[in-house]
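Tertiary structure, described
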Amino acid sequence: MIKVKEQILKELQQNIGNPISGQDLAHRYGVSRNAIWKAVNSLKSEGYPILSDRKRGYYLRESSDIVSEDSIRSDLPDDMFLADGSCRIRICLFREIDSTNLEAQRMIADGFSGAALIIGERQTQGRGHNGSGFYSPASTGLYMTLLLPLNLILTKFQLVSRAAAVAAVEAVRELTGRSLQIRKVNDLYDGSHKIGGILCEATSTDLESGKLQQVCIGIGLNLTTSIFPENTPVPYASIGGGCTRSQLAANITARLMHTDFEHPDGFLQKYKEYHLSEESNPE
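Here's what I pulled together on the structure shown here.

Our focus in this paragraph is the overall build of the protein. Secondary structure summary: the protein contains eight helices and ten strands in total. In summary, the protein has a C-alpha radius of gyration of 20 Å against a globular reference of 19 Å for 283 residues, a match within 12%. Each of the three principal axes of the protein carries a C-alpha extent, and together these read 60 × 40 × 30 Å. For the protein, the residues scored as buried account for 46% of the 283 residues in total. Of the contacts made within the protein by residues no fewer than 6 positions apart, 66% connect residues no fewer than 24 positions apart. Averaging the coordinates of the 30 positive side-chain charges in the protein and doing the same for the 33 negative ones gives two points 7 Å apart.

Written out as structure tokens, the structure is:
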């Protein structure tokens, strides 16, 4: 069932707006039409906006924003791929996960040492600074962690958060035209409303050299979220669309993969331009 569900979802994503008949899907994957019906209903129960047309079949709305490996790959620049066509970064997608940063830490504990992009459709334990949570409802926000191998002195760890903030602000501006601001170190705002935030963690340090070996760059952005928990410490809002989550994830990823952390003057100057002091912008 799991394989059939994944194949159906991939087909629907590749043919958004164009119905595919249940009979064609059943024939293609060697299963019964009832198995296709069960798989489609299972996907619907997980939040995928699949529509049915009795005469034409199943399809996704043209406005559907579903994150897939294919859609992310299609939005990455050419230099993110090797000569054989393989991607320089592992892409890991989850329909539901506790936290993308926690998954990155589990990957490191299991011996992974490369670059990875981890995205969750929904987080059950989205994390912010100082033990705070990050509200992560299904399908309305981008919840990603970029796991990067970095040979960076521990005392320069703060550069990672600043670079991530700049990458997020510039990606949103390029794709949507919206100009976000940075508050504190890594909170992203549109005016007086918080749009998202960044949580960077170092989980592997060479104690003898005092250098970081791998960093987890967690980024959460509200794209179309319209309902937020009551009694939040600050007012929240969303970017309001204008791009897909795959486009935004790919854009941010490429910017950070291209960041020269050994020569940070360029992105630090941009950080200063986008950053607003608490004095000029009281909460």
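Next, the rest of the story.
Next up on the list: the packing of helix 6 (residues 158-176) against helix 8 (residues 265-274). At a minimum axis distance of 9 Å, the contact between helix 6 and helix 8 shows a crossing angle of 65 degrees. Judged by the angle between their axes, helix 6 and helix 8 are roughly perpendicular. In the packing of helix 6 onto helix 8, the handedness of the crossing is left-handed. Across the interface between the two elements, L159, R162, A163, A165, V166, V169, E170 and R173 of helix 6 pack against F267, L268, K270, Y271 and Y274 of helix 8. Of the residues belonging to the contact of helix 6 with helix 8, the class tally is nine nonpolar, no polar and four charged.

By the definition in use, this model includes 14 salt bridges. Residue R106 pairs with E103 through a salt bridge whose shortest N-O separation is 3.0 Å. With R106 and E103 both in helix 5 (residues 100-109), this residue pair falls three residues apart, about one helical turn. On the basis of relative accessible area, R106 is assigned to the partly exposed category, the value being 34%. Of the residues examined, E103 reaches a relative accessible area of 16% and is grouped as buried. The shortest N-O distance in the salt bridge between D187 and K194 comes to 3.3 Å. With a relative accessible area of 12%, D187 lands in the buried category. By relative accessible area, K194 is classed as buried at 13%. What emerges from the salt-bridge pattern is a single network uniting E170, R173, E174, R255 and K270.

Further remarks concern the nonpolar core. Ranked by size, the top nonpolar core spans 51 residues in total, and within it I217 and I252 carry the most contacts. For this core, the secondary-structure elements that each account for two or more residues are strand 4 (116-120), strand 5 (141-153), helix 6, strand 8 (193-206), strand 9 (211-222), helix 7 (245-257) and helix 8. Beyond its immediate sequence surroundings of up to four residues, I217 is in contact with N101, M144, T145, L146, L148, V160, A164, L199, C200 and L256. Judged by nonpolar contacts, the second largest core, of 16 residues, contains L12, I36, I50 and I66.

Once that is clear, we can look at the pairing of strand 1 (residues 50-53). With four bridges joining them, strand 1 and strand 2 (residues 57-60) adopt antiparallel strand pairing. By the bridge assignment, S52 is partnered in strand 2 with Y58. Between the antiparallel neighbours strand 1 and strand 2 lie three residues.

Here we take up the packing of aromatic side chains. The relative placement of two aromatic rings is captured by the distance of their centres and the angle of their planes. This structure, assessed with the given rule, holds four aromatic pairs. Summarising the aromatic geometry, the rings of F261 and F267 are spaced 6.0 Å apart at their centres and angled 65 degrees between planes, so their arrangement reads as edge-to-face. Take F267: its relative accessible area is 10%, and that puts it in the buried class. One aromatic cluster in this structure is built from Y135, F228 and Y236.

This part takes up unusual backbone geometry. Of note, S139 is a non-glycine position whose phi angle comes to about 75 degrees, a positive value. We note that N231 has phi near 60 degrees; this positive angle belongs to a residue other than glycine. Relative to the assigned elements, N231 resides in the loop between strand 9 and helix 7.

Moving on, we come to helix 2 (residues 22-29). Regarding helix 2, the residues found buried are G22, L25 and A26. Along helix 2, the residues classed as buried sweep out an arc of 100 degrees about the axis, all on the same side. Phi turns positive one or two residues past the end of helix 2, at G30, with a value near 65 degrees.

Calculation rules
Residue numbers restart at each chain and count upward from 1, following the sequence in its written direction. At least 70 in pLDDT is required for a residue's local features to be given in this predicted model, at least 80 for side-chain atom pairs to be given and counted, and no such filter applies to totals for whole chains, interfaces and linings, which use all residues. With hydrogens and water excluded, all non-hydrogen atoms of the structure serve as input to the side-chain values. Helix and strand assignments follow DSSP, with helices taken as H or I runs no shorter than four residues and strands as E runs no shorter than two, numbered in order from the N terminus. As a reference, a globule follows 2.2 Å times the number of residues to the power 0.38, and the radius of gyration itself is taken over C-alpha atoms. Throughout, exposure labels follow a simple rule: accessible area from a 1.4 Å probe, protein chains only, divided by the maximum for the residue type, with under 20% read as buried, over 50% as exposed, and the rest as partly exposed. By the convention used here, residues are in contact when the closest approach between their heavy atoms is within 4.5 Å. In this tally Asp and Glu are treated as negative and Lys and Arg as positive; neither His nor the chain ends contributes. Here the site of a charge means NZ on Lys, CZ on Arg, CG on Asp, or CD on Glu. As a rule, the C-alpha atoms of each element are fitted with a line to give its axis, helices using only the stretch in contact, and angles between N-to-C directions run from 0 to 180 degrees. Our angle categories are set so that under 35 degrees counts as roughly parallel, over 145 as roughly antiparallel, 65 to 115 as roughly perpendicular, and the remainder as oblique. By definition, turning the near helix anticlockwise from the far helix through less than a right angle yields a left-handed crossing, and turning it clockwise yields a right-handed one. Amino acid classes used here: Ala, Val, Leu, Ile, Met, Phe, Trp, Tyr, Cys and Pro are nonpolar; Asp, Glu, Lys and Arg are charged; the rest, including Gly, are polar. By definition, a salt bridge exists where a carboxyl oxygen of Asp or Glu is found within 4 Å of a side-chain nitrogen of Lys or Arg. What makes a nonpolar core is a set of buried Ala, Val, Leu, Ile, Met, Phe, Trp, Tyr and Cys residues whose side-chain atoms join them at distances within 4.5 Å. Two strands pair if DSSP finds at least two bridges between them. Whether two aromatic rings pair depends on their centres lying within 6.5 Å, for rings of Phe, Tyr and Trp, where Trp uses its six-membered ring; planes under 30 degrees apart make the pair stacked, over 60 edge-to-face, and the rest tilted. Think of the arc as the fan of directions from the helix axis to the C-beta atoms.

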